[in-house]
Structure formats: C-alpha cells, structure tokens
Amino acid sequence: MQPHPDLDLLTSRGFEGFVPISQLHRGGCQDVPDVPGVYVVVRTEDGPPTFLKRSHAPAWRGEDPTRPVDELEARWVEGARVLFIAAAPGSGVRHRLLQRIKRYLRHGHGASVGHWDGRFLWQLSGTSRVEMAWRPCAEGEDARALADETMRAFETLHGARPFANASPGGAEVTGDED
C-alpha cells in the first residue's frame, strides 16, 4: 500500500496483519492472535466508493443491515482508509481478536452470527480487497481504552468517525451482540 496518514497512524500504534479479508476468511483467520485487542478494516484503494443495493450480510434478529445508498454515501469519510475500528476486550473466548474477526467475516459472508457492528462495510463493492489489521493488547492493557484512543486519533485526522462505525461515542466494543 502507498503511504497514507491512516496507515501511519495504525503502524505507529503497533497494528499488524494488513491481510485481505478474502484471505483471512479462506484461511480461517489462522494468523490472528487469540488475545484481547483492537481490530480495524482498511481500504486499499483511493477514489470514490461504489455501494451495492443490498448488503452481503444477512438480517440479524430480524433487522436488515441494508441501508439506502444515499445514506451510505453521506456516511463516507472522504480520504480515509480506515473504515472500521473495534475492540475485542477478551472477557471470554468469543470476545478475543480471533473469534471476533472470524464472526465479523462470517457475518459479511452471509452467516447469521452475532456481529452487527461494522455492518455498513458489507454493502461496499469490492470488500474482498479490503484488509484487516489488529493490535494485540500488552499484558494489563485495556482493549476498550486502546480502541478509544485509536478512534480519537482517527477523528482528529478526519473530523468524523470511520464509515462503518455506527454507534456514537467510542469505538465499537464487539461481542455484546450474543
């Protein structure tokens, strides 16, 4: 990838991986550590996005993730590469990086699993080309605090939250959908 302020932000904070989601999904996320941490979705290309009329993700608890294209266009953060920031706080096996990323990818590939946060990504054309990166927490480090710091740094750069972060406030704390 070309140098970009979002990528500088992530690499300076210790994010690693930067693996295409199609590769992660096919490989069962074997390179993702099974620890608490923060994960992000990163777009690898510049230019305006193209949105699908229907989301790849299925309904969850009776709610359809598909949004009107004009709503998605209004959410788009021009010039940003980071599309989603989330914490995997690690209070159980399903709340660590490995399982949260697996569930996120399974949801985007049509499985009705508990990962509603970040759902706007699955209506973006070309999601097989976006990448995921993660930052494992050091001993005693809080994933929620790390995600919030990353979110604040993104907001300082762009004046808005990432495209797929729906909830107001800090970064998404995933795992509460179960």
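All figures in this text were calculated on a predicted structure; none of them were measured in a lab.

Undergrad: Account for unusual backbone geometry, naming residues and giving values.
TA: Positioned with a positive phi, phenylalanine 18 is a non-glycine residue whose angle comes to about 50°. A positive phi angle, close to 60°, is found at cysteine 29, a residue other than glycine. Summarising the element assignment, cysteine 29 is placed in the loop between α2 (21-26) and β2 (37-42). Looking at cysteine 29, the relative accessible area reads 3%, which means it is buried.

Undergrad: Residue-level account of helix α5 (residues 143-158), with values.
TA: The end-to-end C-alpha distance of α5 is 22 Å, a good match for the 22 Å that 16 residues give at a rise of 1.5 Å each. Residues of α5 that are buried: Ala143, Leu146, Ala147, Thr150, Met151, Ala153 and Phe154. The arc enclosing the buried residues of α5, seen along the axis, measures out at 160°, which places them on a common side. Looking one or two places after α5, you find glycine 159, whose phi comes out positive at around 70°.

Undergrad: Let's hear about the nonpolar core: which residues, and what values?
TA: Counting 28 residues, the largest nonpolar core has Leu24, Tyr39, Ile101, Leu121 and Met132 as its most contacted members. Taken together, the elements giving at least two residues each to this core come down to α2, β2, β3 (82-88), α4 (97-108) and β4 (131-136). With five residues, the single largest contributor to this core is α4. What leucine 121 contacts, discounting residues up to four positions off in sequence, is Val41, Leu83, Tyr104, Thr127, Val130, Phe163 and Ala164. Ranked by size, the runner-up nonpolar core spans 18 residues in total, among them Val38, Val40, Val82 and Ala133.

Undergrad: Can you tell me about helix α1 (residues 5-12), naming the residues and giving the values?
TA: Taken residue by residue, α1 has Asp6, Leu7, Leu9 and Leu10 as its buried positions. For α1, the arc enclosing every buried residue in end-on projection is 155°, short of the 170-degree limit, so these residues lie on one face. Lining the buried residues of α1 we find β1 (16-20), β2, β3 and α5. In the segment just after α1, glycine 14 is the residue with positive phi, at about 90°.

Undergrad: So, the pairing of β2: which residues are in play, and what are the values?
TA: Of all six residues in β2, six are buried; the element is thus mostly enclosed. Taking every second residue as pointing to the same face, both faces of β2 are buried, with Gly37, Tyr39 and Val41 on one and Val38, Val40 and Val42 on the other. Examined bridge by bridge, β2 and β3 share six bridges and lie antiparallel to one another. Across the sheet, the residue bridging to valine 42 is valine 82, located in β3. The pairing of β2 with β4 spans six bridges and is antiparallel. Along β4, the bridge assignment pairs valine 40 with alanine 133.

Undergrad: I'd like a description of the pattern of salt bridges, backed by residues and values.
TA: Counted by the stated rule, this structure contains six salt bridges. The closest approach of N and O atoms between arginine 43 and glutamate 45, which form a salt bridge, is 3.8 Å. Taking relative accessible area as the criterion, glutamate 45 reaches 31% and is therefore assigned partly exposed. A salt bridge links arginine 135 to glutamate 141; the nearest nitrogen and oxygen atoms lie 2.8 Å apart. For arginine 135, a relative accessible area of 16% gives the class buried. Of the residues examined, glutamate 141 reaches a relative accessible area of 31% and is grouped as partly exposed. Taken together, the salt bridges that share partners define one network made up of Arg43, Glu45 and Arg129.

So, how was this worked out
Positions within a chain are numbered from 1, following the residues in the order the chain's sequence is written. Under the rules for a predicted model, residues below a pLDDT of 70 receive no local features and side-chain atom pairs below 80 are neither given nor counted, while totals for whole chains, interfaces and linings still include all residues. Based on all heavy atoms of the structure, the side-chain values leave hydrogens and waters out of the count. Under the scheme used here, helices are H or I runs from DSSP no shorter than 4 residues and strands are E runs no shorter than 2 residues, and both carry numbers assigned from the N terminus. Summary of the burial criterion: residues with accessible area below 20% of their type's maximum are buried, those above 50% are exposed, and those between are partly exposed, where the area comes from a 1.4 Å probe applied to protein chains only. Take the number of residues in a helix, subtract one, and multiply by 1.5 Å to get its expected span. Note that the arc is computed from the directions linking the helix axis to the C-beta atoms. The definition of a nonpolar core used throughout is a set of buried Ala, Val, Leu, Ile, Met, Phe, Trp, Tyr and Cys residues joined through side-chain atoms within 4.5 Å. Here, two residues are considered to be in contact whenever any of their heavy atoms come within 4.5 Å of each other. In short, DSSP must find at least two bridges between two strands for them to pair. Definition used for salt bridges: Asp or Glu carboxyl oxygen within 4 Å of a side-chain nitrogen of Lys or Arg.

These figures come from the coordinates and say nothing about function on their own.
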